[in-house]
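# Observations on the three-dimensional arrangement
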Amino acid sequence: MTTLDVQIKSQHRLRDEDEPLLRGRGRYTDDLRFSDEAYMYVVRAPLAAGRIISIDIDSARKMNGVIGVFSGEDLAKDGLGGIKAVANFDRPDGTPMINPPFDLLARESVRYVGDPVAIVVAETRFQAEDAAEAVEVEYSHLPAVTDVADATSDDAPLVWPEVSGNISFRIERGDRAAAEDAFKRADHVTELTLRISRVSANPIEPRCAIGQYDPDADKYVLYASIQSPHRVRNILAKDVFRVEPEKLRIISGDVGGSFGMKNSPYVEQALVLWAARKTGRTIRWIPTRTESFISDCHARDNLTTVSLALDKDGIFLGLKVKTLANLGAYLNAMTPHPPTANLGGLAGVYRTPCIYVDVQGVHTHTNPTSAYRGAGRPEATYVIERVIDVAAAELGLDRVDLRRRNMIQPNEMPFKTGLVYTYDSGDFPKVMDRAIEVADWEGFPARREAAQAGGRLRGIGISNPIEIAGGPFGKPNPEYAEIKIDKTGMTTLFLGSHDVGQGHTTSFRQLAAQVLGLAPDTVHLVTGDTERVTKGTGTFGSRTLSAAGAAFNQAARDILEKMTPQAADHLGVPVDQIDFSDGVFRARGTNKTSSLQDLVKGTGTEVTASAWTSTNDATFPNGCHICEVEVDPETGKVSVESYTVVDDVGTVLNLAIVKGQIQGGVAQGLGQALMEQISYDPESGQLITGSFVDYAMPHCDHLSDIHVESHPVPTAVTPFGVKGAGEAGTVGALPAVVSAVVDALSPLGVHHLDMPLTPEKIWRAVRDASKSV
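Figured I'd write up the structure that's included with this text. (Residues numbered from 1 in each chain as written. Predicted model: local features only at pLDDT ≥ 70, side-chain atom pairs only at ≥ 80, totals over all residues. Heavy atoms only, no water.)

### Notes on the overall build of the chain
Of the regular secondary structure elements, the chain holds 20 helices and 28 strands. Computed over C-alpha atoms, the radius of gyration of the chain comes to 27 Å, within 12% of the 28 Å expected from 2.2 N^0.38 for 773 residues, which places it in the range of a compact globule. When its C-alpha atoms are laid out on the principal axes, the chain stretches across 90 × 75 × 50 Å. Taking contacts inside the chain between residues at least 6 apart in sequence as the whole, the part at least 24 apart equals 81%. When the accessible area of the chain is evaluated, it comes to approximately 29,100 Å², of which 48% is carbon and sulfur surface. (Helix = DSSP H or I, 4+ residues; strand = E, 2+ residues; numbered from the N terminus. Rg over C-alpha atoms; globule rule 2.2 N^0.38 Å. Contact = heavy atoms within 4.5 Å. Areas by Shrake-Rupley, 256 points an atom, 1.4 Å probe, with all protein chains shown as cover.)

### Quick word on the sheet that holds strand β28 (residues 706-710)
The sheet built from four strands is open, its strands ordered β18-β26-β27-β28 with mixed pairing. The outermost strands of the open sheet, each flanked by one partner alone, are β18 (457-463) and β28. Along the sheet, successive strands turn relative to each other by an average axial angle of 10°, direction set aside. Looking at chain direction, strand β27 (residues 638-648) and β28 are connected through five bridges and run parallel. Its bridge partner being in β28, Thr-644 is matched across the sheet by His-707. Contacting β18, β26 (622-631), β27 and β28, helix α13 (residues 428-438) crosses the sheet at an angle of about 30° to β26. (Pairing = 2+ DSSP bridges. Axes fitted to C-alpha atoms, helices over the stretch in contact; angles between N-to-C directions.)

### Regarding the pattern of salt bridges
Enumeration according to the criterion identifies 53 salt bridges in this entry. With a closest N to O distance of 3.5 Å, Arg-176 and Glu-172 form a salt bridge. Look at Arg-176 and you get partly exposed, because its relative accessible area is 45%. Between Glu-531 and Lys-219 there is a salt bridge, with its nearest N and O atoms 2.2 Å apart. Taken as a pair, Glu-531 in the loop between β21 (523-526) and α16 (544-571) and Lys-219 in strand β10 (residues 219-224) lie far apart in primary sequence, 312 residues in all. The partly exposed category is assigned to Glu-531, whose relative accessible area is 43%. Members of the salt-bridge network, linked through shared partners, are Asp-440, Arg-447, Arg-456, Arg-458, Glu-628 and Glu-630. (Salt bridge = Lys/Arg side-chain N within 4 Å of Asp/Glu carboxyl O. Buried < 20%, exposed > 50% of the residue type's maximum accessible area, 1.4 Å probe, protein only.)

### A few points about the pairing of β27
Of all eleven residues making up β27, eight are buried, and the element is well covered by its neighbours. The pairing of β26 with β27 spans ten bridges and is classified as antiparallel. Within the sheet, the bridge partner assigned to His-625 lies in β27 and is Val-645. For the crossover from β27 across helix α18 (residues 655-674) to β28, the handedness is right-handed. (Right-handed = clockwise from strand over helix to strand, strands pointing away.)

### Section: α18
Helical geometry: 3.6 residues make up each α-helical turn, so side chains three or four residues apart lie on a common side. Spanning 20 residues, α18 covers 28 Å between terminal C-alpha atoms, matching the ideal 28 Å at 1.5 Å per step. At the N-terminal boundary of α18, the capping side chain belongs to Asn-654, with an oxygen 3.0 Å from the backbone nitrogen of Ala-656. (Expected span 1.5 Å × (residues − 1). Polar contact = N/O pair within 3.5 Å; in protein donor to acceptor, adjacent residues only side chain to side chain.)

### Here we look at the environment of Ile-67
Tracing the backbone through its elements, the reader meets Ile-67 in strand β3 (residues 66-71). Measuring from C-alpha to C-alpha, the distance between Ile-67 and Ser-595 comes to 59 Å, with 528 residues separating the pair along the chain. Residues within four places of Ile-67 in sequence aside, it is in contact with Ala-38, Val-121, Ala-122, Glu-123, Thr-279 and Arg-281.

### Section: helix α6 (residues 176-185)
Among all positions in α6, only Ala-179, Ala-182 and Phe-183 are buried. For α6, the arc enclosing every buried residue in end-on projection is 100°, short of the 170-degree limit, so these residues lie on one face. Exposed residues lying more than 90 degrees from the buried face of α6 are Ala-177 and Lys-184. The secondary structure elements touched by the buried residues of α6 are β8 (188-199), β13 (299-310), β14 (316-328) and β15 (354-363). Capping the start of α6 is the job of one residue whose side-chain oxygen sits 3.3 Å from the backbone nitrogen of Ala-177: Asp-175. (Arc of directions from axis to C-beta.)

### Points about the sheet that holds strand β24 (residues 593-595)
Each strand in a sheet pairs with its neighbour through backbone hydrogen bonds, running either in the same direction (parallel) or in the opposite one (antiparallel). In spatial order, the strands read β22-β23-β24; together these three strands make up an open sheet with antiparallel pairing. Two strands bound the open sheet, and with one partner strand each, they are β22 (578-581) and β24. Along the sheet, successive strands turn relative to each other by an average axial angle of 25°, direction set aside. With four bridges joining them, β22 and strand β23 (residues 584-587) adopt antiparallel strand pairing. Counterpart to Asp-579 in the pairing with β23 is Arg-586. With respect to the sheet, α16 is in contact with β22, β23 and β24, its orientation differing from that of β23 by roughly 45°.

### Things to note about the packing of helix α12 (residues 399-406) against α13
Viewed as axis vectors pointing N to C, α12 and α13 meet at an angle of 160°, and their least axial separation amounts to 11 Å. The orientation of α12 with respect to α13, classified from their angle, is roughly antiparallel. As α12 packs across α13, the resulting crossing turns out to be left-handed. Taking contact as the criterion, the partners of Val-400, Arg-403 and Arg-404 in α12 are, on α13, Met-432, Asp-433 and Ile-436. A per-class count over the contact of α12 with α13 returns three nonpolar, no polar and three charged. (Parallel < 35°, antiparallel > 145°, perpendicular 65-115°, else oblique. Left-handed = near helix turned anticlockwise from the far one by under 90°. Nonpolar A, V, L, I, M, F, W, Y, C, P; charged D, E, K, R; others polar.)

### Re the state of the cysteines
The tally for this structure, following the rule as stated, stands at zero disulfides. In this model Cys-624 remains outside any disulfide bridge; the closest cysteine sulfur is found in Cys-627, 12 Å from its own. Under the relative-accessibility criterion, Cys-624 is labelled buried at 0%. Looking at Cys-627, the relative accessible area reads 0%, which means it is buried. (Disulfide = S-S within 2.5 Å.)

### Some words on the side chain of Glu-268
As for its position among the elements, Glu-268 is in helix α8 (residues 267-279). On the basis of relative accessible area, Glu-268 is assigned to the buried category, the value being 2%. Excluding its chain neighbours within four sequence positions, the residues that come into contact with Glu-268 are Met-40, Val-42, Arg-44, Arg-207, Trp-285 and Ser-295.

### Quick look at the environment of Val-722
By the element assignment, Val-722 lies in the loop between β28 and α19 (728-745). Measuring from C-alpha to C-alpha, the distance between Val-722 and Ala-547 comes to 9.8 Å, with 175 residues separating the pair along the chain. When residues no more than four places from it in sequence are discounted, the contact partners of Val-722 are Leu-545, Ser-546, Thr-619, Val-649, Gly-650, Thr-651 and Thr-715.

### Re the pairing of strand β9 (residues 209-214)
Bridge count for β9 against β10 is six bridges, and the pairing is antiparallel. Bridged to Gly-211 within β10 is Leu-222. The antiparallel hairpin formed by β9 and β10 contains four residues in its connecting segment, where Asp-218 sits at a positive phi of about 50°.

### A word on the packing of helix α11 (residues 377-395) against α19
At a closest axis distance of 7 Å, the pairing of α11 and α19 adopts a crossing angle of 30°. Between α11 and α19, the crossing angle belongs to the class labelled roughly parallel. Relative to α19, α11 is oriented so that their crossing is right-handed. Across from Arg-377, Pro-378, Thr-381, Tyr-382, Glu-385, Arg-386 and Asp-389 in α11, the residues of α19 making contact are Thr-730, Val-731, Leu-734, Pro-735, Val-738, Ser-739 and Val-742. Classifying every residue of the contact of α11 with α19 gives seven nonpolar, three polar and four charged.

### Side note on unusual backbone geometry
The residue after Met-413, namely Pro-414, is reached through a cis peptide bond having omega -5°. Checked against the element boundaries, Pro-414 lands in the loop between α12 and β16 (415-416). For Asn-202, which is not a glycine, the phi torsion comes out positive at approximately 50°. Position of Asn-202 relative to the elements: it lies in the loop between β8 and β9. Positive phi is not limited to glycine here, since Asp-218 has a value of about 50°. Inspection of the secondary structure puts Asp-218 in the loop between β9 and β10. Owing to a relative accessible area of 36%, Asp-218 belongs among the partly exposed residues under this scheme.

What follows is the structure, given as structure tokens:
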């Protein structure tokens, strides 16, 4: 019988997806048009906390073009449910976490600016907007709290009366007793309290949604910009509509950015479906950018205290981390995930034997938080890398040398860290050494001196990120793939992992060519449709090429097993004399061959195989980032002069795609480090950064060239040795950029500043340092 043993070769192939997208032939949700369309507008709370006294919709209902105006009472009469958190933990007293009601429309109270209270459906968008202004809602104002630390104070207003102290849950990981003992034995302890700012994903395409309902089939159809259609379908079907998943079809075409924010269900998706059922029309909802700011899930927003214990030689003995994670007012499906699921990254690439982590999830009167590129991974890497920098400064040690002393060596693999993970592969010292060489770390003093002569401060920063991909660790995380080769030799590949911009078509065409010998232009990829694709888990956690790749690999094996007898018959040899390599069936000991495509065409019969399977375990992409900046001490402006990444993402299938993913991730991490921040007024709870006038986004001129070099150490966990690349750039960028800016300011005695490192913050730090001299 044939075997499938393929060594994947890296190729620098341009993305097949780019030409149609660049030529305007993309098919996004808002490009779809239907003859019976109506438009939905959401009436939202203008205050952060309050009781709803009354909602008067009579005037709005009478306005021109209005089809219907609905409140939470209308939904309640139809028995609709709400959104629930997928993960549940215990509260500090050991009782189960309370999952507060997350209704589609608020009925009694509102809990953040933007909380939906009513919807208007009209013939046109402008008619819907005009009628929404006629909806009169009377509120009784209540005090609000938006800061995560303030929310845990004794006198803080409660977001939910049943959630005492606003603390939704508490989790502890690691070995507390061992960590405490390590700190008792320490010769030096570095403690640092830092804030990881709240940000918004801001994809170029907002969360569009179009809903339809077929009363004859009693079936819903949702067209939406979503990254995990099957996951969203299952949650909406079960928790909101209380129907079988087959009664809801989700179709997601081209997606203009997602970054984790579109990985959860949202109330607007359910509302367009329900409104379609109530009105008998196709319902369209397209948010403005300001509406996105007050309705999208935000991300990050942690207050963390980290302590690192070291002996007299600078060897790490123990690590303690305590985090308050801002959950927002409601728990979306994935809200508890980022602050809890990827804590193992706090161990970094170091041998720290004893680690203890305490995380408390805290409710505030703000948008719910959820996943955003990295989903806890950038936060973990930021914490460990920043405390190492500060420890090195306190001890008068070189930052690189301190890291090198504590770094896990390749001959120690597999290595069980002090917190959750066991790393299976990697050469962390070599990756760091190569990054130092490429970035010309040794030549930095001369560049700093030259900058100083010009009145500028120059700094260099380093981080050694490692992250979990394809997880969760130690648990199955299956994905679906189906290969269908028709009698003409054309292939359709159905994947449960949706392409939301990562280049899945290009990557899986390359896999099909290398594994099965299929011509790339004969392979068509189908994703994003829960009816055409039987199953799916989704696109997140840098998992597609490992998880969907594993399913593809199994389906490919099954295809070959089905076709081997056909090959034997065609080539005139026994089945056990058939080999398959380089995409060709070969009769052993002869020169007789046949490609898979020719064989299928010759039989005139379609061949199909599918797989729902997972990898053996999670993988651990890692790397080293080095950022070099100059700071103008007169204005506080930061100029990024160079950025170097050496990454181990395992086997590299397409170098161009890997580089693009890492560079894009670096840009998003740099944006958070230097400028991005969601801000609320602490007194009223009003969102201050509700548009791009107030919320800063990185532009091209904020970036230098980002040099990316690959140092692959393939993993045995996945069939092709891949580890994952989608989030790697962001994970390393946060600490590297902050490290560089702080290093630039270090001659002034500055050893840490909290993100974002805006010109004003840096200018004030420079002035304060000058006053203290």
